[in-house]
Structures are given as C-alpha cells and as structure tokens.
Number of protein chains: 2
Amino acid sequence: MDVWGEPRVTAEAELIAALFQALDRLGVPHPDVRVRVSSRALLEDTLRAGVLRERPEAFPALCVAIDKLDKIGRDAVIELLTDASGLVRLPRADAASVVDWLALRDLEEATRQAPAGSRGGEELRELFELLACYGVADRVVFDASVVRGLAYYTGIVFEAFDTAGELRAICGGGRYDHLLETLGGSPLPAVGFGFGDAVILELLAARQLLPELRREIDAFVFCFGDAERAAAVALAAQLRAEGQSVELALGGMRLKRALAEADRSGARCAYLVGPDEVARGVAVVRDLVSGEQRERRLSAAKGDATGGERT
Amino acid sequence: MDVWGEPRVTAEAELIAALFQALDRLGVPHPDVRVRVSSRALLEDTLRAGVLRERPEAFPALCVAIDKLDKIGRDAVIELLTDASGLVRLPRADAASVVDWLALRDLEEATRQAPAGSRGGEELRELFELLACYGVADRVVFDASVVRGLAYYTGIVFEAFDTAGELRAICGGGRYDHLLETLGGSPLPAVGFGFGDAVILELLAARQLLPELRREIDAFVFCFGDAERAAAVALAAQLRAEGQSVELALGGMRLKRALAEADRSGARCAYLVGPDEVARGVAVVRDLVSGEQRERRLSAAKGDATGGERT
C-alpha cells in the first residue's frame, strides 16, 4: 500500500491509520499489534553530526548492520560496526554510542541529541499529532531501533509487530522520496509499506481467528466408467451453462468414493450418471444436505439444452 | 489453471472447456478465438521412428527450434535444424521433412505417419470426442505446428489464438506428467495452462469490450490548510468508522481543485472543512450528483463519535 506525490507526513499518518484498519478488519485483536516508528532522517542527521562526521559515506552500510540488532544482539552489531575489514570501521566507543542511541524510546530525548535543523524529530512529532486525530496514537510508539534494512528509505520508517514478540514484523515500510528517480523515473515523493501476509496468517492461526472458508459449489457430477462419460460431460456442461458451479469427476468412480469426493468438494448436490441411468436417459440427483433423491432427464441429443427434473 | 493427479485426457478436455468458459465470461466474442492442439508424444514418436532414429537425444533441442516456426519462418528453422555447430544437426532433407510434418492440419494423416503403438493420435481423437460433449469441438483444431517451447511437456499441448492472427498466444499449456518428479516431488500426472492476461486485455481493448470500471467511494474529505487538518482527519476517521469509503486529501487545497479531485475519486459526497466551518463546528457536505448542500456537525472532542447531519 503506498501514497505517491505527497511530501508531507499526512501520507505516513494516512497509511498507518489504514494499516490498523486493515488489521482490525482481518480480526486481529487490538491489543495484539503495535506500530513502532522512527526516522531515517533523524538517525542520519544525528550520525553525520556525530560519529560519521568524517565518513558520511558509511551511512548505508551502518543501516544494514544496525537493522540486525533484534536478530543478532548488541555485541554482534558492535563487532560489525568496528570490523576493520568492514565498510563502517567505527572506533569501539563510537559503535557503542550508536547502539545506545538505538535503545532510545523517548522522542524528545532523541530529538535533543539531533543537530539543530534536523527535520526528523519535527516530522515524528507532527505524525503523532495526526495519529491522535485518527484515534490510533496510543497504538504507536517511538522506537529508535527501527531502521528497516533497505537502503532507499529517506524519512519516517515504521513496522507493525505483535506485542507478544513471537513473530517477525507484521507490516513494514517508510518513506522513499528518491526511489522512482533512482529507477529512472521522475522525482516523486512516496511512502509505502508491505503486509507480511504469512505473518498475519500465523498470528490469526495462533489466536484461532482464521475464518473457515468452506468451499461451496452447486454440483458434483460423476460417472462409473467410460461408457457413461459422454453423458456426464454433457450434463456438467449443461449445468454450467445454466450458471451452476460444477465439479466433474475426471476419472470413473464408484458410488461410495464419489459421495466422499462430493462432500469434500462442498457440493450441494451429487449427480450420478451410471449405466442404468444412461439406459433410462436420466441422472440421479442426490441432495447432500437432506439426502433426498430425484432424477434429472439427460439431454436427448447435443444442442438439446432443455433438461428437466422430476422428484 | 491446472489439474493434478489425472493421467487421462479427460483433464485436458475439462481445461480447454474451462478456458473457453473463462474467455466467454470475459466477453471475448466466440468467433475471435480458437484453440490449436497437438501432441508432444505424437511428434516425439514420429521423429524417433524417423529422422531422429539414430539421435533421440536431440529431441528437446529440436522442439526449441521448431517452436520458432511462426516467428522466424520455414527457411530459418531448417537452418537451425541443419546447423553443423547446433545441437540437432539433421541432413537438409530430414530437416525439410520435419517442417513438412509441422504443416499437417489433418489428424488422421498425422496419426498415419506415426509408428504403430503411438498413443499420441489416439489421445487426440479421444480429446476431440470429449470436446464435442462439452459443445466446444468446433472451436478447436488440430495443428501439428503447436509445440510449445518448454521442455517439460509430455503429451497434449494447446494454445488459444485470435482468429485475426494479430496477437501472441492468448493462453497456452499442455500435459507435464514428469514435472513434479523432476523438481523433487512425487510422481504425479498434471496438465495446465497459463492465461496471457496482457494479450486478453489487448484483444478486449481492440474490440472496445473493456468494461469501464468506474471508481465509486462514499466521501472525499478535504481542508483548505493545516489549521483545519485535525478536524478533517477526525471527520474522515469517523466516516470510516461508520463504514464509509473515504478519500482524505493529504495536502491542503482550494475549493475548485478539491471538487475536481472529488469527481476524479468517484465520490458521492465532498466534505469541506474550511476555517469558517471549523469555527462553527461543522463541515459542508456537497452531494456531487444533486449538487445539494447540507452541514454535518464535527465531533466536539475526541471519543465523541456522535456526529449528526442537518440539511
């Protein structure tokens, strides 16, 4: 889900509100999901005025490293940031201060540490004001450790997570104002996020909230063998032409298996085309709910689509 | 669309019938589409008993070459088949006989040229009988030149094409009984085809049959500027909570542009939240069909979801 052409955080707010509305509609319980937000701009401004003052070009590689914090932990991230053969190569004390910064959960403190004129903190404040108008501010927290791995983000970044902390991110995204240009298009500001559909499925399954989507069709048509196949195919084609949804058994099968398959198919009625039936020019129609049986006349010849039913 | 687990041509017939039903439902006119069928087995049996008697391993490379017949023409295919540095390396007379075989449109003649015991011709005859039961046999033709480029096909192959001959294949597929096994799965017979969605769009567009899918939403909400943004966001959130589909203008805009955007959005009503309206605690609601205006009271405070409307 994305918004193209809007440079202001009104777009981020609209998307985060839509994210919650989508999860609400899917039946994810309110307390189970929160959104963490941070800002690439706030992070970049702070680092460029601080530990990256001499080496601003190391910023993308630093983002890739610190995005692993959740997975590999503080010490391993410091190893990556100080690795003499790596791309970032910070002194150990600087690397530790970066990881300390990521532990911030107080937006005012993070803003205070940013250089004067950084737009990151102001944008986040504006975002929270807008989220309050949407009525979702209490479901969103500032979390400096949200970086998102991809290099193209330029502003606010966010991810939805399960409050139990058991799953990967439920949704993730942010602002990428230069992406279209980078790919050869016109400059166009943009924000977007992706749904983690597999994670949402896991979450709903764990809460036993997955809807049971029972397959429902009108008819299951089958014949015993090849002698009756032409009649069964013609009957299925005719039922479909009448607008019914029909599963046609493609192999021959006996009554017992056919009824099991018909049940599995979710059909309302099973149409049996056996040798006796074909000899009498009918199909037996069994209502799979009531168990009642009736007969339907098979079309006498091709082109005769005026079948009728008798109880 | 595919059928797994059915080794017999009942599966091919069902899929080709479904292909026609899908195109019919999409509104493609009957005379505009035909299906060509052939059989990889018929081709392979014929060649292995003939020009490839000494070099059966050249069959896949030969298929790739002759699949280009439509695009590059007879002479270029013969060049590929006789190329001394290629994979097939047929004598010129043999290559010409292969291309002659591809020109066959008579199933009986093609079957007569196949070695005794080849299942290909028999399967195609059975397919046509079944297609007659589905009522679509007159929309399907035998065409020996249908090969399909992919190496995994093992039996019947087919493609839907526009009778005007202007477009690429509309659908294409066939039987691939060994594919799952090749990929490390259990042996399981299979038939399937892919829809050329872009080609179908072209066909419908050329016939001016593309449905006009007008966007329809309930409301377009906008404010002039930031002073009224909080009220506009809260109103949009409230309308959405009431179940309405709402587009919220993410930038500020004046009345004229807003009404144009509202029209483009397909909204039934435009909600104007200007400075005068906010001062009076209302939004102006304009019905974009009738042009009538009424007012809707803005919620006095957060949590107050009991807005009302006055005409």
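Since the structure is predicted, the reported quantities are computational estimates derived from the model, not experimental observations. (Residues numbered from 1 in each chain as written. Chains lettered and ligands numbered in written order. Predicted model: local features only at pLDDT ≥ 70, side-chain atom pairs only at ≥ 80, totals over all residues. Heavy atoms only, no water.)

Peer 1: Teacher, can you tell me more about the packing of helix α3 (residues 59-66) of chain B against helix α4 (residues 69-82) of chain B here?
Peer 2: Packed helix pairs are specified by the crossing angle of their axes together with the interaxial distance, meaning the distance between the axes. Residue and element names in this part refer to chain B. It is the contact of α3 with α4, at a shortest axis distance of 8 Å, that shows an interaxial angle of 140°. When the axis of α3 is compared with that of α4, the two are oblique. Along the contact surface, α3 presents Leu62, Ala65 and Ile66, while α4 presents Leu69, Val77, Leu80 and Leu81. Tallied by class, residues from the contact of α3 with α4 come to seven nonpolar, no polar and no charged. (Axes fitted to C-alpha atoms, helices over the stretch in contact; angles between N-to-C directions. Helix = DSSP H or I, 4+ residues; strand = E, 2+ residues; numbered from the N terminus. Parallel < 35°, antiparallel > 145°, perpendicular 65-115°, else oblique. Contact = heavy atoms within 4.5 Å. Nonpolar A, V, L, I, M, F, W, Y, C, P; charged D, E, K, R; others polar.)

Peer 1: Would you mind showing me how to read the relation of the copies chain B and chain A here?
Peer 2: Each copy of the chain is related to the other by a rotation around an axis and a translation along that axis. Laying chain B over chain A is done by rotating through 180° and shifting 0.1 Å along the axis; what remains is an RMSD of 0.2 Å. In the structure described here, the two chain copies are related by an operation that fits a two-fold rotation axis. Relative to the rotation axis, the C-alpha of Asp197(B) is the closest in chain B, positioned 12 Å from it. (Least-squares fit on C-alpha atoms with pLDDT ≥ 70 in both.)

Peer 1: When you look at the sheet that holds strand β2 (residues 33-39) of chain B in this model, what are you seeing that I'm missing?
Peer 2: The strands that make up a sheet pair up through hydrogen bonds in the backbone, lying either parallel or antiparallel. Residue and element names in this part refer to chain B. Judged by pairing direction, the sheet is mixed, and its six strands sit side by side in the order β1-β6-β5-β4-β2-β3 without closing on themselves. Both outer strands of the open sheet, β1 (2-4) and β3 (140-142), are each paired with one neighbouring strand and no more. Ignoring strand direction, the axes of neighbouring strands in this sheet form an average angle of 20°. Bridging between β2 and β3 involves three bridges; their strand directions are parallel. Bridged to arginine 36 within β3 is valine 141. Together, β2, β3 and β4 (156-162) form the strand contacts of helix α7 (residues 119-134), whose direction differs from that of β2 by roughly 150°. (Pairing = 2+ DSSP bridges.)

Peer 1: In this structure, what is going on with the interface of chain B and chain A? I would like to understand it.
Peer 2: When the parts of a complex come together, some accessible area is lost, and that lost area is often taken as the interface size. Counting from both sides, the interface comprises 22 residues of chain B and, opposite them, 22 residues of chain A. Buried surface at the junction of chain B and chain A, summed over both partners, amounts to about 2100 Å²; 57% is from carbon and sulfur atoms. It is Cys133(B), Arg240(B) and Leu250(B) that lose the most area in chain B upon contact with chain A, and together they represent 28% of the buried surface on that side. Here chain B and chain A share four salt bridges between them. The closest approach of N and O atoms between Arg240(A) and Glu14(B), which form a salt bridge, is 2.6 Å. Our enumeration of links across chain B and chain A arrives at six residue pairs in polar contact (both at pLDDT 80 or more). Going through the elements one at a time, α1 (10-25), α7 and α10 (229-241) of chain B are the ones with two or more residues in the side of chain B that touches chain A. No other element matches the six residues that α10(B) contributes to the side of chain B that touches chain A. Its residues assigned to classes, the side of chain B that touches chain A comprises twelve nonpolar, three polar and seven charged. (Buried area = accessible area lost by both parts, 1.4 Å probe. Salt bridge = Lys/Arg side-chain N within 4 Å of Asp/Glu carboxyl O. Polar contact = N/O pair within 3.5 Å; in protein donor to acceptor, adjacent residues only side chain to side chain.)

Peer 1: Could you clarify how one ought to interpret the pattern of salt bridges in this entry?
Peer 2: Residue and element names in this part refer to chain B. For the structure shown, the criterion picks out 54 salt bridges over all chains. Where arginine 268 meets aspartate 218, a salt bridge forms, and the shortest distance between an N and an O atom there is 3.9 Å. Residue arginine 268 is found in strand β9 (residues 267-273), and its partner aspartate 218 is found in strand β7 (residues 217-223); the two are separated by 50 residues along the sequence. Arginine 268 sits in the partly exposed class, given a relative accessible area of 40%. (Buried < 20%, exposed > 50% of the residue type's maximum accessible area, 1.4 Å probe, protein only.)

Peer 1: What is the right way to look at the domain arrangement of chain A in this model?
Peer 2: In terms of domain boundaries, chain A breaks down into domain 1 (2-206) and domain 2 (217-310). Here the C-alpha centroids of domain 1 of chain A and domain 2 of chain A sit 58 Å apart. (Domains from an automatic or database assignment.)

Peer 1: Got a minute to help me understand helix α2 (residues 40-48) of chain B in this structure?
Peer 2: Since the α-helix advances by 3.6 residues per turn, residues separated by three or four positions end up pointing in the same direction. Residues Arg40(B), Ala41(B), Leu42(B), Leu43(B), Thr46(B) and Leu47(B) constitute the buried set of α2(B). N-capping of α2(B) is provided by Ser39(B), with a side-chain oxygen placed 3.1 Å from the backbone N of Ala41(B).

Peer 1: Can you walk me through the nonpolar core in this structure?
Peer 2: Side chains that are nonpolar tend, in soluble globular proteins, to be buried together. Ranked by internal contacts, the top residues of the largest apolar core, which has 82 residues, are Val221(A), Val37(B), Leu62(B), Ile66(B), Leu81(B), Phe158(B) and Ile170(B). Of all hydrophobic cores here, the second largest spans 81 residues; its members include Phe20(A), Leu131(A), Ala232(B) and Tyr271(B). (Core = buried A, V, L, I, M, F, W, Y, C linked by side-chain atoms within 4.5 Å.)

Peer 1: It is not clear to me how the sheet that holds strand β3 (residues 140-142) of chain A should be interpreted in this structure. Could you clarify?
Peer 2: Residues and elements named next belong to chain A. Strands sit in the order β1-β6-β5-β4-β2-β3 across an open sheet of six strands; the sheet is mixed. Only two strands of the sheet have a single partner each, and these edge strands are β1 (2-4) and β3. When the angles between neighbouring strand axes are averaged without regard to direction, this sheet yields 20°. Sitting on the sheet, helix α1 (residues 10-25) is in contact with β1, β2 (33-39), β3, β4 (156-162), β5 (171-175) and β6 (190-195), with an inclination near 20° to β6. Packed on one face of the sheet, helix α2 (residues 40-48) meets β2, β3 and β4 and runs near 40° to β2.

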